[in-house]
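Tertiary structure, described
One letter stands for each residue in the lines below.
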Amino acid sequence: MTLEQRARELAAKYAPEGGENARIAEAYAFAAEAHKDQFRQSGEPYVTHALAVAEIVADMALDEDSVVAALLHDTVEDTSVTIRDIVDRFGETVAEIVDGLTKLERIPYSSKEEQEVENLRKMLMAMSKDIRVILVKLADRLHNIRTLDAKSDAKRRLIALETMDVYSPIAHRLGITTIKTELEDRSLRYLDPIGYDEIVSALENTAEFRSEFIARVKENMAEKLSGLNIKNLSIEGRVKSLYSIYRKMFMQNKTIDEIYDLYAIRVIVDTKEECYNVLGVIHDLYKPMPRRFKDYISTPKPNLYQSLHTTLIGREGTPFEVQIRTWEMHHVAEYGVAAHWKYKEGGVDVGEDYEKKLGWIRSMLETQQDSDAEDFISNFKTDMFTDEVYVFTPKGDVINLPAGATTIDFAYAIHSGVGNRMVGAKVNNRIVPIDTVLNNGDIVEILTSKVSRGPGRDWINIVRTSEARTKIKQWYKKERREENIVQGREALDAELKKNGILLADAEKTEGMLAACRRLSFNTVEDMLAGIGYGGLAVQRAANRIREELGRPVKPEQPESSDQVATVPVVRRSESGVIVEGAADCLVKFARCCTPVPGDEIVGFVTRGYGVSVHRAGCANVSGMAENRDRFVGVCWADVTEGSFAASIEITARDRVTLIADITAVLANQHIPIHGIQTKKNGGGEIVLQLDISVNDRRHLEAVCGRVHGVRGVVDVVRSGMEREAAPAAAGKGAEA
Ligand code: MN
């Protein structure tokens, strides 16, 4: 048959009144013209492919728009035709489907980790706002894999792998068994040619026995079932799909004889009642195998599949599976969600009425009772009602961001170094403003410069992810640290000059560092920053330096705390904290910021309750800056024992078992929980404050990391601080 004849036949199929469907005929002519100078690797004209895809779409009984879109699916990608042309000639719906297909074409694929593959699948679904995009795409992939022989070996393997990883699971989820099965069987041939051949020859060896066996069973059944007077009865024998045999043989380590449903009979009738009647009759005829009966009619599978399954024992002891279903169930079993068009012919225009379509799929799914139905529905919902976008790095790695995320979020998702040096961005190879909101499937490239002056202050208001926001804030905090150091240096320099010491000279001596250590700082810079932000009184620093440099203390400058300046040699303490100048004074850990070993800490002399220990950045500490003289140097003991109270704040998208999941993660790590508070955050987010105990900062960071991994968790921070990410840069604490 020539291409033109095939096209005419296709157009005739969609002309209920006879004749030809004009739009389909026009679409074929349009595609043939657009592709006229292109040839497939096999040498055939390119339009063969478009026509074949359209024929598969027609076999799935999709609507006219889908067939038209299938004919045009490669025109925008491969020829000078634009989406505008398609809107003008074939309307918005067709143009949208073609546009979706063109975008899917851009998605890079290389063998990936399971998580990334799952993201890729989700992205495909999310990008295909109209489910027909996916259905036509599956038809496209099916024809490509049917004609894979013309390609190179490496190319074949890659396409087969992608088909197995991405497209066959999607076909499965949508319940399109015919396509799923053929995609898998054909991919298998390229991925494991030896295993494939083994099964083919095993099946060939048993072909004669099998066909005799099946013929006999069919005959027996037909005779018995004739008593039921079923109008449209069909009894067919079939062989299980190659790939499912392969899976059972190679993954469950079974021999081909151990596979029950290798021999299978399918009975198709008109009504549900007839299904159960047929079951009764054949259970009389053959002995059913115990525990092999499954009623997927009263309890359909999540992908809409319905049938009765039973395994019977044949006269010679050969087990065989029987599936019983109605014609409608049969069509759904073969075509899944695509069957919708067959059974809703002339119904809702799903292309224009997106919400209604989603509602239809949702209600179909929500009536499912299967145990993993909930999982499926929640997957499907994230796919279809997603508030996430999936975009690519230029290398093809998938990055998952919340909807509304910009190129800046992307940059920080890659690495804070990329974000901090970002000077511009390209999306799909075009330079764009950096606040550009990303769409599914965008390929994003961040332009960086070593001489970048860092993130702009307004970025905080542009970014959508808390990760980016935190990293930008951290950058500014660090920047302020530079300012703090400058200020601290000026103050210390002035103070030391009163004692006849030049800071520049002092810094050249070992005594300087020793003084820092005694003041619980790791480096001179840390100490200067501490003076700069008010965490350390400049007089105290000057006195320590003076002592270390061996200069006499001037008697006219008495400072009460300095007069009892004795440094504990053994840095041990029951509380875990050493208070400078006071061997065993009462130490309290501030509840507002719950310091743990490894944190940078400051001590504050309370009225009557000893020293309260805060984290250096605690908001309350900066509020106490006026009482400088009441700060006292503290540091962690060399050895800290036991656990320390800490509070973390978790921001998450609320869902049913969220809190249970989080507490389970903590229980697994033997982290005691002393208190939980929750509040709504608006927008379906919830904020949990958890009071826990940990050994030290590193331990806490590990715990936060685990909690962050719980599904739905957006952010984990420590309470009481400016929103600083818990797994922040390594502790600058004295003992870190
Ligand atoms: Mn194609």
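Residues numbered from 1 in each chain as written. Predicted model: local features only at pLDDT ≥ 70, side-chain atom pairs only at ≥ 80, totals over all residues. Heavy atoms only, no water.

Quick look at the overall build of the protein chain
For clarity, the cut-off: Helix and strand assignments come from DSSP, with helices taken as H or I runs of at least 4 residues and strands as E runs of at least 2, each series counted from the N terminus. Any residue under 20% of the maximum accessible area for its type is buried, any over 50% is exposed, and the rest in between are partly exposed; the area is computed with a 1.4 Å probe on protein chains only. Contacts: residue pairs with any heavy atoms within 4.5 Å of one another.
Scanning the protein chain for helices and strands turns up 31 helices and 21 strands. Across the 736 residues of the protein chain, 50% fall into the buried class. Look at the contacts in the protein chain between residues 6 or more apart in sequence, and 66% of them connect residues 24 or more apart.

Some points on the coordination of the manganese ion
Let me state the cut-off plainly: Donor criterion used throughout: N, O or S atom within 2.8 Å of the metal, extended to 3.2 Å for Na, K and Ca. Water excluded; incomplete-looking sites may result.
For the manganese ion, the full set of protein donor atoms is His49 (NE2), His73 (NE2), Asp74 (OD) and Asp140 (OD), at a range of 2.2 to 2.4 Å. Of note, the manganese ion draws all its donor residues from one chain, in the sequence arrangement H-x23-H-D-x65-D. Accessibility expressed as a relative area gives 2% for histidine 73, which makes it buried.

Digging into the sheet that holds strand E9 (residues 422–427)
Selection criterion: Following DSSP output, two strands are said to pair if at least two bridges run between them. A fitted line through C-alpha atoms represents every axis, and for helices the fit uses only the stretch in contact; the resulting angles, taken between N-to-C directions, go from 0 to 180 degrees.
Here three strands make up an open sheet; going across it, the order is E10-E9-E11 and the pairing antiparallel. With one partner strand each, in any of the chains shown, strand E10 (430–432) and strand E11 (444–448) form the two edges of the open sheet. The average undirected angle you get between the axes of adjacent strands in this sheet is 35°. As paired elements, E9 and E11 share five bridges and run antiparallel to each other. Looking at E11, one finds that glycine 424 is bridged to leucine 447.

Quick word on the pairing of strand E21 (residues 713–718)
Burial runs high along E21: five of the six residues are buried. Relative to E21, strand E18 (residues 644–653) runs antiparallel, the two being bridged by five bridges. Bridge pairing links glutamate 649 to valine 717 in E21.

Regarding the confidence of the model for the protein chain
Cut-off, in case you're wondering: pLDDT is a per-residue confidence score from the predictor, ranging from 0 to 100.
Averaged over every residue, the pLDDT of the protein chain is 80; the share at 70 or more is 84%. Low pLDDT, under 50, characterises residues 722–736; the stretch is placed with 52 contacts to residues that sit more than four places away or in other chains.

What to know about the side chain of serine 612
Examined against the element boundaries, serine 612 turns out to sit in strand E15 (residues 611–615). Serine 612 has contacts with Lys588, Val602, Gly603, Phe604 and Thr606, leaving out every residue within four places of it along the chain.

Things to note about the sheet that holds strand E19 (residues 673–682)
Spatial ordering of the open sheet is given by E19-E20-E18-E21, a layout of four strands whose pairing is antiparallel. Looking at the sheet topology across the chains shown, the edges are occupied by E19 and E21. The average undirected angle you get between the axes of adjacent strands in this sheet is 20°.

Some remarks on the pattern of salt bridges
Pairing between side chains of opposite charge can happen when the charged atoms of each approach one another. Formally: For this document, the term salt bridge refers to a Lys or Arg side-chain nitrogen within 4 Å of an Asp or Glu carboxyl oxygen.
Taken as a whole, this structure holds 33 salt bridges when the rule is applied. Linking aspartate 88 and arginine 84 is a salt bridge whose minimum nitrogen-to-oxygen distance equals 3.4 Å. Taken together, the positions of aspartate 88 and arginine 84, both in helix H6 (residues 83–90) and four residues apart, correspond to about one turn of that helix. The exposure classification of aspartate 88 matches that of arginine 84, with both residues exposed. Measuring nitrogen to oxygen at the nearest pair gives 3.7 Å for the salt bridge that ties glutamate 184 to lysine 180.

So, helix H3 (residues 47–59)
Counted only if it meets this: Between the first and last residue of a helix there are one fewer steps than residues, each counted as 1.5 Å, and that sum is the expected span.
Its 13 residues give H3 an end-to-end C-alpha distance of 18 Å, which sits within 8% of 18 Å, the value for a rise of 1.5 Å per residue. Here H3 lies mainly inside the structure; eleven of its 13 residues are buried. Within H3, burial applies to Val47, Thr48, His49, Ala50, Leu51, Ala52, Val53, Ala54, Ile56, Val57 and Ala58. Next to the buried residues of H3 lie helix H1 (3–13), helix H2 (22–34), helix H4 (64–72), helix H9 (131–146) and helix H11 (177–191).

Quick word on a nonpolar patch on the surface
For clarity, the threshold we go by: Residues enter patches when their relative accessible area tops 30% and they take part in no salt bridge; the joining distance is 9 Å for like charges and 5 Å for the nonpolar side chains Val, Leu, Ile, Met, Phe, Trp and Tyr. Using a 1.4 Å probe, accessible areas were evaluated by the Shrake-Rupley method; residue-level cover was limited to the displayed protein chains.
A cluster of nonpolar side chains, namely Ile659, Ile673 and Ile676, defines an oily patch on the protein surface of about 210 Å² accessible area. Looking at where isoleucine 676 falls in the secondary structure, it is placed in strand E19. Taking relative accessible area as the criterion, isoleucine 676 reaches 40% and is therefore assigned partly exposed.

Describing the nonpolar core
Our working definition: We call a set of buried Ala, Val, Leu, Ile, Met, Phe, Trp, Tyr and Cys residues a nonpolar core when their side-chain atoms join them within 4.5 Å.
Counting 69 residues, the largest nonpolar core has Met60, Leu72, Ile86 and Ile179 as its most contacted members. When residues of this core are assigned to their parent elements, the largest contribution, nine residues, is made by H9. Each residue touching isoleucine 86, except ones within four places of it in the same chain, is listed here: Leu72, Thr75, Val76, Val81, Gly91, Val94, Ala95 and Val98. If you look at the next biggest cluster of nonpolar residues, it comprises 39 residues, including Leu188, Ile230, Ile235 and Val322.

Overview of helix H30 (residues 658–668)
Put simply, the rule reads: The arc in question is formed by the directions pointing from the helix axis toward the C-beta atoms.
Those residues of H30 that sit buried are Leu658, Ile662, Val665 and Leu666. End-on, the buried residues of H30 take up no more than an arc of 95°, which puts them together on one face. Contacts made by the buried residues of H30 are with E18, E19, strand E20 (685–694), helix H31 (697–708) and E21. Backbone geometry just downstream of H30 places histidine 670 in the positive-phi region, at approximately 60°.

Details of the pairing of strand E2 (residues 263–269)
In terms of burial, E2 is largely enclosed, as seven of its seven residues are buried. Side chains Tyr263, Ile265, Val267 and Val269 of E2 all project onto a buried face; the interleaved residues Ala264, Arg266 and Ile268 project onto the opposite face, where all are buried too. Where strand E1 (residues 234–239) lies against E2, six bridges are found, and the strand directions are antiparallel. Note that in E2 the partner of arginine 238 across the bridge is alanine 264.

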